[in-house]
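So the chains spell out like this:
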Amino acid sequence: MSKQRAQWSGHLGFILAAAGSAIGLGNLWKFPYITFENNGGAFVLVYLAAIAVVGVPIMVAEVLIGRKSQRNPVGAFRVLVQGKPGGRAWMGVGFLGVMTGFIILSYYCVIAGWTLRYILMAVSGELGALAHHPEALQSFFGEFLANPYQQILCHSLFMGATIGVVFFGVGKGIERTARFLMPILLSILVMLVIYSIWTPGFKQAIGFLFRPNFSELTAGGVLEALGHSFFTLSLGMGTMLTYGSYMRKRDSIPRAALTICVLDTLIAIMACIIMFSIIFSYDFEVTKSSTILFTTVPVVFFQLPGGAVVSALFYLLVAFAALTSTISLLEVVSSYAIDELGWGRRRAALTTGSAIFVFGILSAVSMGGNAALSNINFIGRPSTGGVFGTLDYMASNWFLPVGGLLIALFVGWILTTGETRKELEEGHGTLARLYPVWLFLIRFAAPAAVAAIIVSVLLGAEYQ
Ligand code: PHE
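Residues numbered from 1 in each chain as written. Predicted model: local features only at pLDDT ≥ 70, side-chain atom pairs only at ≥ 80, totals over all residues. Heavy atoms only, no water.

- As annotated in an unreviewed UniProt entry, the protein chain carries the name Sodium-dependent transporter and comes from Candidatus Sulfomarinibacter kjeldsenii.
- For the record of the protein chain, the UniProt heading Subcellular location (unreviewed entry) holds the text "Membrane". (UniProt positions renumbered as here; feature names shortened; annotations may be inferred.)

Set out below in structure tokens:
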């Protein structure tokens, strides 16, 4: 490996790309709907606690492993474990990550593809006609999901775009896209939140989100909140590790990690405020919660003048937010092929991307398009989700938390404090002084919290 590793152009470059990875469908599509399913309040609180106690320290840990090793997830462990307890077995954590990235990207791209259909519909005027009748919009959406050809077409377009960006590499492809899009997305969301303050359902939405009712919280819900904190921050599978490997030595890891976590959480909460205000204002009957992003927001847009333009812009931004996440997922898998199998970047992006696309077809036709695939269920899991739901459930509720737990143990106990301290104090941020706090969280608090939740669910605590 004599070639010099590519790097972000600077501190902001890393933050934008990593925030671009973190902010995506997890915030705009998934968080609102699982919060709805878990009755808000207490679930939101557990999620926020998970971000603070588990998410932030593990984000620091992942970036640290990446920057220190300058490798992909598998190579990183290979380099760092030399002469340490456990040895090469730790590389398994890297493999688990690459596999999880493969799985997540396969269904994530399908959901992301939905935004393309919406952009088209907004422009053609179709969306406007439907949005005046929320039930019509819902039933249209059901038909769209059940149409395998449209699902596969949208999925392929989105995967094509993802492969295109990864093909061109770190600086030119990934960073440039994020630098341009993140600020626009943030401003549109702020505008929508301001708008929702004047809707009649706003107060109820805030109550739903922030008034905890612990009797409604289940062990399954706690696991879901924990799993989602990994999913939304792109943690537990080596994404932040891979992006960290392109980070300059002189930039501060803690500062970057905190900024990303705060931004990501703000956006998730804003998305909830926007969507719940609509749901409560219009007495909206939610028939399929996983479609909230696509069935609620247009209703508001078309109450206003210029609905077609605003909604086209909105779904375009959701598409871009998803794209900055899909490229990070593909980057994990391809950087593995590049570093470990010695492939060129272009070959890696094309080959791994195509394989993931093919696997993703299973999810694309599992939304009602194919009865058998739509009804497959993870043993004991209550809600039906088909292939897509099952993969999402396994990846985000199990693989990511387990990966994250192992990463925390590795950084907390296998690397020496000398090694970690050096990497974190580089960049000399004032935050580096919080090293002892981070060390406590990564050694004790984070692993204990993740392990306790996993064990309580395994022991058969009530599911949902
Ligand atoms: N964090 C992304 C989102 O919230 C999804 C993601 C998960 C991306 C894992 C990379 C790795 O949409």
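So, next bit.
1. Side note on the packing of helix α3 (residues 42-69) against helix α21 (residues 435-458)
Thought 1: Direction vectors running N to C along α3 and α21 enclose 120 degrees, while the axes themselves pass 9 Å from each other. Taken together, the axis directions place α3 and α21 in an arrangement best described as oblique. When the axes of α3 and α21 are compared, the crossing they make is left-handed. Only Trp438, Leu441, Ile442, Ala445, Ala446, Ala449 and Val450 of α21 make contact with α3, whose side of the interface consists of Val53, Val54, Pro57, Ile58, Val60, Ala61 and Leu64.
Thought 2: When its residues are assigned to classes, the contact of α3 with α21 shows 14 nonpolar, no polar and no charged. (Axes fitted to C-alpha atoms, helices over the stretch in contact; angles between N-to-C directions. Helix = DSSP H or I, 4+ residues; strand = E, 2+ residues; numbered from the N terminus. Parallel < 35°, antiparallel > 145°, perpendicular 65-115°, else oblique. Left-handed = near helix turned anticlockwise from the far one by under 90°. Contact = heavy atoms within 4.5 Å. Nonpolar A, V, L, I, M, F, W, Y, C, P; charged D, E, K, R; others polar.)

2. Things to note about the site of the ligand
Thought 1: For the ligand, the set of nearby residues contains 15 residues, the closest of which are Ala22, Gly26, Tyr108, Phe231 and Ser234.
Thought 2: Separating an oxygen atom of the ligand from a backbone N or O atom of Gly26 is a distance of 2.8 Å.
Thought 3: Within the backbone of Phe231, one N or O atom sits 2.7 Å away from a nitrogen atom of the ligand.
Thought 4: Coverage of the ligand by the protein chains reaches 100% of its 320 Å² of free accessible surface.
Thought 5: Elements supplying a minimum of two residues to the shell around the ligand: α1 (11-22), α2 (25-37), α11 (219-232) and α16 (307-340). (Near = heavy atom within 4 Å. Polar contact = N/O pair within 3.5 Å; in protein donor to acceptor, adjacent residues only side chain to side chain. Areas by Shrake-Rupley, 256 points an atom, 1.4 Å probe, with all protein chains shown as cover.)

3. Let's talk about empty space enclosed by the protein
Thought 1: Taken as a whole, this structure holds 3 cavities of 30 Å³ or more when the rule is applied.
Thought 2: When its volume is computed, the largest cavity comes out at roughly 140 Å³.
Thought 3: For the largest cavity, the lining is made up of 19 residues, of which Ser21, Tyr108, Phe231, Ser234 and Leu329 are closest to its centre.
Thought 4: When residues of the lining of the largest cavity are traced back to their parent elements, those giving at least two are α1, α2, α5 (91-124), α11 and α16.
Thought 5: Taken together, the residues of the lining of the largest cavity break down into 11 nonpolar, 8 polar and no charged. (1 Å grid on protein atoms, 1.4 Å probe; cavity = no way out; pocket = protein on both sides within 12 Å on 5 of 7 lines; lining within 4 Å. Points joined across faces, edges and corners; volume = space filled by probe spheres on them.)

4. Some points on the packing of aromatic side chains
Thought 1: A complete count under the given rule lists 29 aromatic pairs for this structure.
Thought 2: Note on Phe102 and Phe359: the rings are 5.9 Å apart at their centroids and 50 degrees apart in plane angle, and the pair reads as tilted. Placement of Phe102 in helix α5 and of Phe359 in helix α17 (residues 345-364) is noted, with a sequence separation of 257 residues between them.
Thought 3: For Phe102, a relative accessible area of 25% gives the class partly exposed.
Thought 4: Taking relative accessible area as the criterion, Phe359 reaches 29% and is therefore assigned partly exposed.
Thought 5: When the centroid spacing of 5.9 Å and the interplanar angle of 20 degrees are considered together, the rings of Phe294 and Tyr315 count as stacked. (Phe/Tyr/Trp six-rings, centres within 6.5 Å; stacked < 30°, edge-to-face > 60°. Buried < 20%, exposed > 50% of the residue type's maximum accessible area, 1.4 Å probe, protein only.)

5. Description of the environment of Leu406
Thought 1: Mapping Leu406 onto the fold places it in helix α19 (residues 386-414).
Thought 2: Since its relative accessible area comes to 27%, Leu406 is described here as partly exposed.
Thought 3: Residues Leu406 and Thr162, spaced 244 residues apart in sequence, show a C-alpha to C-alpha distance of 29 Å.
Thought 4: In this structure Leu406 touches Trp90 and Val93, once residues within four positions along its chain are discounted.

6. Things to note about the side chain of Ser252
Thought 1: Tracing the backbone shows Ser252 in the loop between α12 (239-244) and α13 (253-281).
Thought 2: Separated by 3.2 Å, the side chain of Ser252 and the backbone nitrogen of Arg255 make a polar contact.

7. Here's the deal with the pattern of salt bridges
Thought 1: For the structure shown, the criterion picks out 9 salt bridges.
Thought 2: In this structure, the salt-bridge partner of Arg67 is Glu423, at a minimum N-O distance of 2.7 Å. Taken together, the positions of Arg67 in helix α3 and Glu423 in helix α20 (residues 417-425) put the pair 356 residues apart, joining distant regions of the chain. Each member of the pair Arg67 and Glu423 is classed as buried.
Thought 3: A salt bridge links Glu425 to Arg421; the nearest nitrogen and oxygen atoms lie 3.1 Å apart. Of this pair, Glu425 and Arg421 are both found in helix α20, 4 residues apart, which corresponds to roughly one turn of the helix.
Thought 4: The network of salt bridges with shared partners includes Arg67, Lys249 and Glu423. (Salt bridge = Lys/Arg side-chain N within 4 Å of Asp/Glu carboxyl O.)

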